[in-house]
Amino acid sequence: CLNIPLRIYRKYREIEKNTILLVPYEFSKKANMYLVQAENYIKTKNYIKSREYYQKAFDVSPKLFICLTNIGQTYEKEGNIEEAIIWYKKAIEKNYIDFTAHHFLANCYAQIGKINEAIDHITIAQILDRNNSKIKKSTVNIFHKKGITTKDWSFNPQCKITYYDTLKKIVNVQYDYDWFDYSCVTAVWEKEPGYKKSRGIEKGKLPLIQFKEQMLSLIPMVKKERLIKKYPELFVLKKAINNNFMKEYMFYEMILPDYPEVALQLSKEFILDIKNYILKVRQITDSKKKSSRDNSLKKK
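Just so you know, these numbers come straight off a predicted model, no measurement behind them.

Draft legend 1. Focus on the side chain of His102. Here His102 lies in helix α5 (residues 99–111). Of the polar contacts made by the side chain of His102, one reaches the side chain of His121; its length is 3.0 Å. Not counting residues up to four positions away in its chain, the partners in contact with His102 are Ile92, Tyr96, His121, Ile122, Ile124, Ala125 and Leu128.

This is how it looks when you write it as structure tokens:
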């Protein structure tokens, strides 16, 4: 079985009048029958027949772009890397958010020594599915081929905000003193009754202004050398500020880890901007240690 993660393929995207639309996949019973047959041939390693049925499924349901990715993988399994690359690129052209096509394309480029192209596409795959462990593993391997050591750190503010008394809406804020300003901003946004509504945030909508205010609360911290040395997220934020990548930092470090689906609605241009942030700023963390949550959080 190709083991394609179906959750991401429940939708593809189209652009209408400069608006990105996520569209649920709909395909006929006949297309589904062809897909089942294709998968059965994959199990017996009959890649020629599997391609034939993926193509049939795509012919009757021409929006079923996963077929293009799957055809590419059959060629890759046969060792025909150049042909696999052609099909992965077709899949990406039709559906740019297909992170699996980017992932597999990166691996193919790495196999034939095109490391720069491999780095580009594995980074895009990482943006499109921020927490995918398989992509993270491939990222480490591909970057290593370029002589780059990746660091597994995350944006990890030293604060915890909970209700002390749910009935009376009394909030308990635990924090490392370094993160006092950030903790206060977060507490207001997360626990102040009616605050999000008063700021015009509809229920179920991503509060971008909240993340902007949280990031602004970090600005005084990046001016302190002691904190920059202590926290990799601040070390990188300072570099992001100096290189005009604040928005990209906010999305990749603060939003996408908790809301990975947001990436599916980002423009191709902005995805490429995030990629540039990762390659030009984020990877320069060689001397920094991985951030970990402080056990001695103080109470307010």
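There's more to say after this.
Draft legend 2. Expanded view of helix α6 (residues 115–128). For α6, which comprises 14 residues, the first-to-last C-alpha distance of 20 Å matches the rise-based estimate of 20 Å (1.5 Å per residue) to within 8%. Here α6 lies mainly inside the structure; eleven of its 14 residues are buried. Of all the residues in α6, the buried ones are Ile115, Ala118, Ile119, His121, Ile122, Thr123, Ile124, Ala125, Gln126, Ile127 and Leu128. Elements in contact with the buried residues of α6: α4 (81–94), α5, α7 (133–145), α13 (246–255) and α14 (268–282).

Draft legend 3. Quick look at the packing of aromatic side chains. This model, assessed by the stated rule, comprises 18 aromatic pairs. Ring centres of Trp179 and Tyr182 lie 5.7 Å apart, and the angle between their planes is 90 degrees; this geometry places the pair in the edge-to-face category. By relative accessible area, Trp179 is classed as buried at 0%. Relative to Tyr231, the ring of Trp179 lies with its centre 5.3 Å away and its plane at 80 degrees, an arrangement referred to as edge-to-face. Residue Trp179 is located in the loop between β4 (170–175) and α8 (180–191), and its partner Tyr231 is located in the loop between α11 (225–230) and α12 (232–242); the two are separated by 52 residues in the primary sequence. Comparing Trp179 with Tyr231 shows no difference in burial state: the two are buried. Here a set of aromatic residues connected by ring pairs shows up, and it is made of Phe155, Trp179, Tyr182, Tyr231, Phe245, Tyr249, Tyr252 and Tyr277. Between Arg51 and the ring centre of Tyr75, over which it is positioned, the NZ or CZ distance is 3.9 Å. Note that Arg282 overlies the ring of Trp153, its terminal NZ or CZ placed 4.1 Å from the centroid.

Conventions and cut-offs
Residues numbered from 1 in each chain as written. Predicted model: local features only at pLDDT ≥ 70, side-chain atom pairs only at ≥ 80, totals over all residues. Heavy atoms only, no water. Helix = DSSP H or I, 4+ residues; strand = E, 2+ residues; numbered from the N terminus. Polar contact = N/O pair within 3.5 Å; in protein donor to acceptor, adjacent residues only side chain to side chain. Contact = heavy atoms within 4.5 Å. Expected span 1.5 Å × (residues − 1). Buried < 20%, exposed > 50% of the residue type's maximum accessible area, 1.4 Å probe, protein only. Phe/Tyr/Trp six-rings, centres within 6.5 Å; stacked < 30°, edge-to-face > 60°. Lys NZ or Arg CZ within 6 Å of the ring centre and 35° of its normal.

Any link to function would need more than the numbers given here.
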